[in-house]
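If you want the building blocks of each chain, they are given just below.
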Amino acid sequence: MTLLEPGSELPPLRVIPDRGVTERYASASGDSNPIHLDEAFAKSVGLPGRILHGLYTMALVARAQTDAAGGPEKLKRLAVTFRGVGLPEAEITITSTVTERQGERLIVTATAKQQDKAIIRNAVAELEAG
Amino acid sequence: MTSSTEQIGRTTPPAQYLVSREAVREYALAVGESNPLYLDLDAARIAGHDDLVAPPMFAAVYAGPAFAAAMRDPELGIDLTMLVHGGQEFEWGPLVVAGDQITTAIRLAEVSERLGMHFYVWQSSSQNQRDEEVSRGSWTVIVRPRE
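Residues numbered from 1 in each chain as written. Chains lettered and ligands numbered in written order. Predicted model: local features only at pLDDT ≥ 70, side-chain atom pairs only at ≥ 80, totals over all residues. Heavy atoms only, no water.

Chemist: Just checking my understanding: could you explain the side chain of Ser8(A) for this structure?
Modeler: Residue and element names in this part refer to chain A. You can see Ser 8 is positioned in the segment before strand E1 (9–15). What makes Ser 8 buried here is its relative accessible area of 13%. Separated by 2.8 Å, the side chain of Ser 8 and the backbone oxygen of Glu 5 make a polar contact. Excluding residues that lie within four positions of it along the chain, Ser 8 makes contacts with Leu 3, Ser 96, Thr 97 and Val 98. (Helix = DSSP H or I, 4+ residues; strand = E, 2+ residues; numbered from the N terminus. Buried < 20%, exposed > 50% of the residue type's maximum accessible area, 1.4 Å probe, protein only. Polar contact = N/O pair within 3.5 Å; in protein donor to acceptor, adjacent residues only side chain to side chain. Contact = heavy atoms within 4.5 Å.)

In structure tokens, the structure reads:
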């Protein structure tokens, strides 16, 4: 665990979601919307194909925070806006920067990018300092 | 369907979720977590927790049934096939562990329309069996017009 202070970059998290990830996330979360599971259905509603669950991508952003901060109890808040869509079988990179310290909280902004496109932009996390 | 101002403040009945070890492990593996607190009961207990710890974003799972019911509120008439998740926020209190019984209350906080798209924001509050608030959620959904 590195010392975090304003200006620090958290270690980036790189993940290549495999073909089965949407099936596993659907099963684990109960969200079995066919846009995540059925290629033909996804295309019929104007998507490029089966898309990742937004909350799966958000969970990657959360993992980048908890891994860097020293555990799940350190993450006190996370807010994201979903942009575009995430797809299986292409690398996602989570980058995070500490922007300020407010008392015992560190404020972090984070981005999830896939193929140079932000799928989560301006995510804001609050971490318990120390 | 009621008008959008009348829709604000609508609630659906609180939903219960009992956290199981199997659900925590399945979720942790699905999102690629390897922290033993989520996967290994002995490791969680040695670290001082009563049971397997749920990753923070497991809030999407235990609060999910309340959110699903809110979106299906017949008074709103939302076309679920045209729905896009626009944004999400969670604030966390004490950690959730396997064995916890979570109750989630949810309320429709904002409704708006822009360029034929409808925006809905729900706010949820989840409590454990000791009445501690384990998380608060804000769920933003965009419903695209059917062409």
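Additional details are given in the paragraphs that follow.
Chemist: What is the right way to look at the packing of helix H1 (residues 21–29) of chain A against helix H2 (residues 21–30) of chain B in this model?
Modeler: Two measures define how a pair of helices packs: the angle their axes make with one another and the distance between the axes. Where H1(A) contacts H2(B), the axes come no closer than 9 Å and their chain directions differ by 155°. Between H1(A) and H2(B), the crossing angle belongs to the class labelled roughly antiparallel. Seen along the crossing, H1(A) lies across H2(B) with a hand that is left-handed. Where H1(A) abuts H2(B), its residues Val21(A), Arg24(A), Tyr25(A), Ser27(A) and Ala28(A) lie against Glu26(B), Tyr27(B) and Ala30(B). For the contact of H1(A) with H2(B), the class distribution of residues is five nonpolar, one polar and two charged. (Axes fitted to C-alpha atoms, helices over the stretch in contact; angles between N-to-C directions. Parallel < 35°, antiparallel > 145°, perpendicular 65-115°, else oblique. Left-handed = near helix turned anticlockwise from the far one by under 90°. Nonpolar A, V, L, I, M, F, W, Y, C, P; charged D, E, K, R; others polar.)

Chemist: For this particular structure, what's the right way to read the interface of chain B and chain A?
Modeler: When the parts come together, some accessible area is lost, and that loss is often what is quoted as the size of the interface. Contacts between the two partners involve 28 residues from chain B and, on the opposite side, 28 residues from chain A. Carbon and sulfur atoms make up 59% of the surface buried where chain B meets chain A, a total of about 2,400 Å² over both sides. On the surface where chain B and chain A come into contact, there are one salt bridge. Note that Arg77(A) is salt-bridged to Glu89(B), the shortest N-O span being 2.9 Å. One can count nine residue pairs in polar contact (both at pLDDT 80 or more) joining chain B with chain A. (Buried area = accessible area lost by both parts, 1.4 Å probe. Salt bridge = Lys/Arg side-chain N within 4 Å of Asp/Glu carboxyl O.)

Chemist: Is there a simple way to think about the pattern of salt bridges in this case?
Modeler: Pairing between side chains of opposite charge can happen when their charged atoms approach one another. Throughout the structure, instances matching the rule amount to twelve salt bridges over all chains. Across the pair Glu39(A) and Arg50(A) runs a salt bridge whose closest N-O atoms are separated by 3.2 Å. With Glu39(A) in helix H2 (residues 39–44) and Arg50(A) in the loop between H2 and helix H3 (54–69), this residue pair connects regions lying eleven residues apart in the sequence. For Arg50(A), a relative accessible area of 12% gives the class buried. Residues Arg101(A) and Glu104(A) are paired through a salt bridge, measuring 3.9 Å at the closest nitrogen-oxygen approach. The exposure class assigned to Arg101(A) is partly exposed, which follows from its relative accessible area of 45%. Using a relative accessible area of 54% as the deciding quantity, one classes Glu104(A) as exposed. When salt bridges that share partners are traced, they join Arg77(A), Arg105(A), Glu126(A) and Glu89(B) into one network.

Chemist: Sorry, what's going on with the pairing of strand E5 (residues 133–143) of chain B here?
Modeler: Each regular strand carries side chains that alternate between the two faces of the sheet. All names here are of chain B. Summarising burial for E5: eight of the eleven residues are buried, a large majority. Relative to E5, strand E2 (residues 83–92) runs antiparallel, the two sharing nine bridges. Looking at E5, one finds that Val 84 is bridged to Ile 142. Bridge analysis of strand E4 (residues 117–127) against E5 gives ten bridges, and the strand direction is antiparallel. Of the residues in E5, the one forming a bridge with Ser 125 is Arg 136. Counting the residues that bridge the hairpin from E4 to E5 gives five residues, and of these Asp 131 lies at a positive phi of roughly 65°. (Pairing = 2+ DSSP bridges.)

Chemist: Whenever I open this one, the layout of surface pockets confuses me. Can you help?
Modeler: Rolling a probe over the atoms, with the probe sized like a water molecule, indicates the empty space that remains. Empty space within the largest pocket amounts to approximately 880 Å³. In terms of lining, the largest pocket is formed by 40 residues, of which the most central are Asp31(A), Asn33(A), His36(A), Leu83(B) and His85(B). Listed by contribution, the elements that provide at least two residues to the lining of the largest pocket are H1 and H3 of chain A together with helix H5 (59–62), helix H6 (64–71) and E2 of chain B. With five residues, the top contributor of residues to the lining of the largest pocket is H6(B). For the lining of the largest pocket, the class distribution of residues is 22 nonpolar, 14 polar and four charged. (1 Å grid on protein atoms, 1.4 Å probe; cavity = no way out; pocket = protein on both sides within 12 Å on 5 of 7 lines; lining within 4 Å. Points joined across faces, edges and corners; volume = space filled by probe spheres on them.)

Chemist: Got a minute to help me understand the packing of aromatic side chains in this structure?
Modeler: Residues and elements named next belong to chain B. Under the criterion given, the structure shown has ten aromatic pairs over all chains. Between Phe 90 and Trp 139, the aromatic rings sit 5.5 Å apart at their centres with planes inclined by 85°, giving edge-to-face as the arrangement. Pair noted here: Phe 90 is in strand E2 and Trp 139 is in strand E5, with a separation of 49 residues, a long-range link. Trp 139 carries the same exposure label as Phe 90, and that label is buried. Across the ring face of Phe 119, the terminal group of Arg 114 is positioned such that the distance to the ring centre comes to 4.4 Å. (Phe/Tyr/Trp six-rings, centres within 6.5 Å; stacked < 30°, edge-to-face > 60°. Lys NZ or Arg CZ within 6 Å of the ring centre and 35° of its normal.)

In short, the description is geometric, and any link to function would need to be established separately.
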